[in-house]
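In case you want the letters, here they are:
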2 protein chains.
Amino acid sequence: MRALEEKILKEGKVLGDDVLKVGAFLNQRLDVRFLMEMADEVVRLFDGVAIDKVLTVEASGIAFAVCVAHKLNVPAVYAKKGGAANVSGDTYSAEIYSFTHKASNTVVVTKEYLERGERVLIVDDFLANGAALNGLIDIVGQADAYVAGCAIAIEKGFQRGGDKLRAAGYKVESLAIIDEMSSSDIKFRG
Amino acid sequence: MRALEEKILKEGKVLGDDVLKVGAFLNQRLDVRFLMEMADEVVRLFDGVAIDKVLTVEASGIAFAVCVAHKLNVPAVYAKKGGAANVSGDTYSAEIYSFTHKASNTVVVTKEYLERGERVLIVDDFLANGAALNGLIDIVGQADAYVAGCAIAIEKGFQRGGDKLRAAGYKVESLAIIDEMSSSDIKFRG
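None of the values given here were measured: they were computed from a predicted structure.

Visitor: So what about the overall build of chain A? Which residues, and what values?
Guide: Each helix and strand counted, chain A has five helices and eleven strands in total. For 190 residues, the compact-globule formula gives about 16 Å, and the C-alpha radius of gyration of chain A, at 16 Å, lands near that figure. Dimensions along the principal axes, computed over C-alpha positions, put chain A at roughly 50 × 35 × 35 Å. Across the 190 residues of chain A, 54% fall into the buried class. Sequence separation of 24 or more characterises 59% of the internal contacts of chain A that already satisfy a separation of 6 or more. Carbon and sulfur atoms make up 45% of the accessible area of chain A, which amounts to about 8,000 Å² in all. Here chain A contributes 23 positive and 27 negative side-chain charges, whose respective centroids are spaced 3 Å apart.

Visitor: A description of the packing of aromatic side chains should follow, citing residues and the corresponding values.
Guide: Tallied over the entire structure, the rule returns two aromatic pairs over all chains. Here the aromatic rings of Phe-25 of chain A and Phe-34 of chain A are separated by 6.1 Å at their centres, their planes lie at 85°, and the arrangement is edge-to-face. Here Phe-25 of chain A matches Phe-34 of chain A in class, with each residue buried. When the ring centre of Phe-126 of chain A is taken as origin, the NZ or CZ atom of Lys-156 of chain A, which lies over that ring, is 5.7 Å away. It is Lys-171 of chain B that lies over the ring of Phe-46 of chain B; its NZ or CZ is 4.9 Å from the centre.

Visitor: Talk me through the pattern of salt bridges; I want residue IDs and the actual numbers.
Guide: Scanning the model with the defined rule gives 30 salt bridges over all chains in all. Between Glu-41 of chain A and Arg-44 of chain A there is a salt bridge, and its shortest N-O distance comes to 2.8 Å. With Glu-41 of chain A and Arg-44 of chain A both in helix α2 (residues 32-45) and three residues apart, this pair spans about one turn of that helix. The salt bridge partner of Asp-40 of chain B is Lys-71 of chain B, with a shortest N-O separation of 3.2 Å. In this pair, Asp-40 of chain B is assigned in helix α2 (residues 32-45) and Lys-71 of chain B in helix α3 (residues 62-72), connecting sequence segments 31 residues apart. A relative accessible area of 32% places Lys-71 of chain B in the partly exposed class. Each of Glu-155, Arg-160, Asp-163, Arg-166, Asp-179 and Arg-189 of chain A takes part in one network of salt bridges that share partners.

Visitor: Provide a residue-level description of the interface of chain A and chain B, including the pertinent values.
Guide: With 39 residues of chain A at the contact, the number on the chain B side is 39 residues. Summing both sides of the interface, chain A and chain B together bury roughly 3,000 Å²; the carbon and sulfur share of this comes to 57%. Broken down residue by residue, the surface that chain A buries against chain B is led by Gln-28, Tyr-78 and Tyr-113 of chain A, which jointly contribute 24%. Counting every contact that joins chain A to chain B gives two salt bridges. The partner of Glu-112 of chain B in a salt bridge is Lys-13 of chain A, with the nearest N and O atoms 3.5 Å apart. Inspection of the chain A/chain B interface yields 14 residue pairs in polar contact (both at pLDDT 80 or more). At the level of elements, β1 (13-15), β3 (29-30), α2, α3 (62-72), β5 (76-81) and β7 (103-110) of chain A are the ones that each hand at least two residues to the side of chain A that touches chain B. A total of six residues in the side of chain A that touches chain B trace back to one element, the largest contributor, which is α3 of chain A. Split into classes, the residues belonging to the side of chain A that touches chain B amount to 21 nonpolar, ten polar and eight charged. As paired strands, β3 of chain A and strand β5 (residues 76-81) of chain B are joined by two bridges and run antiparallel to one another. The residue bridging Leu-30 of chain A from the neighbouring strand is Ala-76 of chain B, located in β5 of chain B.

Visitor: Explain the pairing of β7 of chain A residue by residue, including any values.
Guide: Side-chain positions along a regular strand alternate between the two faces of the sheet. Residues and elements named next belong to chain A. As judged from the two bridges shared by β5 and β7, these two strands associate in the antiparallel manner. Each residue of the ladder has a partner; that of Lys-81, found in β7, is Val-107. Bridge count between strand β6 (residues 91-98) and β7: eight bridges; the pairing is antiparallel. The partner of Ser-98 across the bridge, within β7, is Ala-103. Counting the residues between successive antiparallel strands, the hairpin from β6 to β7 contains four residues, one of them, Lys-102, with a positive phi of roughly 50°.

Visitor: If you had to explain the side chain of Glu-41 of chain A to someone new, which residues and values would you point to?
Guide: Residues and elements named next belong to chain A. Accessibility expressed as a relative area gives 19% for Glu-41, which makes it buried. A distance of 2.8 Å separates a polar atom in the side chain of Glu-41 from a polar atom in the side chain of Arg-44. The contact partners of Glu-41, leaving out residues within four places of it in the chain, are Met-1 and Leu-175.

Visitor: Please give an account of the confidence of the model for chain A that cites residues and values.
Guide: Overall, the prediction assigns chain A a mean pLDDT of 94, with 97% of residues at 70 or greater. Prediction confidence for the complex, expressed as pTM and ipTM, is 0.96 and 0.96 respectively.

Visitor: Help me get a handle on the environment of Ser-182 of chain B, residues and values and all.
Guide: Residues and elements named next belong to chain B. By the element assignment, Ser-182 lies in the loop between β10 (172-181) and β11 (186-188). Owing to a relative accessible area of 29%, Ser-182 belongs among the partly exposed residues under this scheme. When the C-alpha atoms of Ser-182 and Gln-159 are compared, they prove to be 14 Å apart, with 23 residues separating the residues in sequence.

Visitor: How would you sum up α2 of chain B? Please name residues and give values.
Guide: The first and last C-alpha atoms of α2 of chain B sit 20 Å apart over 14 residues, in line with the 20 Å expected at 1.5 Å per residue. Regarding α2 of chain B, the residues found buried are Val-32, Phe-34, Leu-35, Met-36, Met-38, Ala-39, Glu-41 and Val-42 of chain B.

Cut-offs used in this document
- Residues numbered from 1 in each chain as written.
- Chains lettered and ligands numbered in written order.
- Predicted model: local features only at pLDDT ≥ 70, side-chain atom pairs only at ≥ 80, totals over all residues.
- Heavy atoms only, no water.
- Helix = DSSP H or I, 4+ residues; strand = E, 2+ residues; numbered from the N terminus.
- Rg over C-alpha atoms; globule rule 2.2 N^0.38 Å.
- Buried < 20%, exposed > 50% of the residue type's maximum accessible area, 1.4 Å probe, protein only.
- Contact = heavy atoms within 4.5 Å.
- Areas by Shrake-Rupley, 256 points an atom, 1.4 Å probe, with all protein chains shown as cover.
- Lys, Arg positive; Asp, Glu negative; His and termini not counted.
- Charge placed at Lys NZ, Arg CZ, Asp CG, Glu CD.
- Phe/Tyr/Trp six-rings, centres within 6.5 Å; stacked < 30°, edge-to-face > 60°.
- Lys NZ or Arg CZ within 6 Å of the ring centre and 35° of its normal.
- Salt bridge = Lys/Arg side-chain N within 4 Å of Asp/Glu carboxyl O.
- Buried area = accessible area lost by both parts, 1.4 Å probe.
- Polar contact = N/O pair within 3.5 Å; in protein donor to acceptor, adjacent residues only side chain to side chain.
- Nonpolar A, V, L, I, M, F, W, Y, C, P; charged D, E, K, R; others polar.
- Pairing = 2+ DSSP bridges.
- pLDDT = per-residue confidence, 0-100.
- Expected span 1.5 Å × (residues − 1).

Here's what the structure looks like:
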């Protein structure tokens with residue numbers, strides 16, 4: 001999505017080798033009008049794919065997931081971090097290792113919020129190594145639901161998580177894929 | 001908002017004396033279609049009030065704040081928990097004590113995401129003692145911005161935070177105000 005690539009170049013900041021800060025429009029500050037345009041693009045990319053629900057993980061995935069769910073006219077669910085302590089009832093859970101924060105998180109979803117046989121679109125702001133997506137895919141499997149695909153705002157292609165998921169047969173659509181980045185330049189996949 | 005009161009009665013669960021779980025539509029599972037109707041009601045309640053930006057706090061406030069920002073056609077910003085460690089640049093900060101989780105959180109907003117003179121609508125899913133709102137109001141003040149008002153999904157009126165803020169002169173609009181609740185009954189303010 002050309003408009004997203006331009007926004008990343010204009011408003012994003014590369015820190016170190018592999019951190020891209022897009023707090024100006026996608027995290028912390030939310031350019032909701034633009035997120036809705038991104039969601040329109042997701043709807044276009046998944047045209048013809050049956051989707052019953054959107055699934056993401058707190059906190060940075062929620063805003064984009066809400067916009068996608070709004071455009072698809074389906075509910076959204078977000079996995080909570082920090083284990084089951086602040087969630088009541090039976091839960092599905094998965095371990096997600098964050099390379100950005102160098103810590104592992106148990107994420108949980110209350111069982112009643114994912115139904116058997118539902119077709120679930122997994123949505124997230126970033127895809128890097130794929131740890132978060134793999135955790136969410138695992139949770140969808142625990143619920144005997146189906147992964148309809150994964151819709152990502154920004155994929156760090158050089159970290160290969162997206163390509164591994166595509167090789168495994170998942171429909172992974174990222175609105176921008178970065179193949180190389182440094183503080184002076186960002187190269188997008190053609 | 002009658003439809004919200006009915007939804008709370010139908011889908012909410014009262015735990016103990018003062019915890020209301022609405023994970024089925026407002027937290028964790030997000031009934032985005034209904035959240036957008038709630039946002040329409042916020043727009044109606046703040047008709048004639050100039051608003052430049054929506055401010056909330058992660059994670060449970062984000063979904064409703066995104067819907068309100070969408071309907072107002074303004075950006076949203078969310079304060080991050082856990083101090084400044086995962087946020088780059090200069091920040092405004094406030095301490096927020098959570099009576100639900102019995103823990104204090106430092107919440108931060110990157111300075112460049114709140115501008116001097118902006119009229120900020122503070123949005124949250126719950127209002128109880130007012131700790132979160134007071135922290136966000138403090139942050140708006142640090143930015144030399146203005147509090148245009150507070151829009152809340154569910155106010156636990158019996159915890160008085162909302163009435164104190166109204167007495168202090170803030171326009172606080174809650175879509176449902178609970179004056180009494182127990183596992184067998186919920187009484188809304190008339």
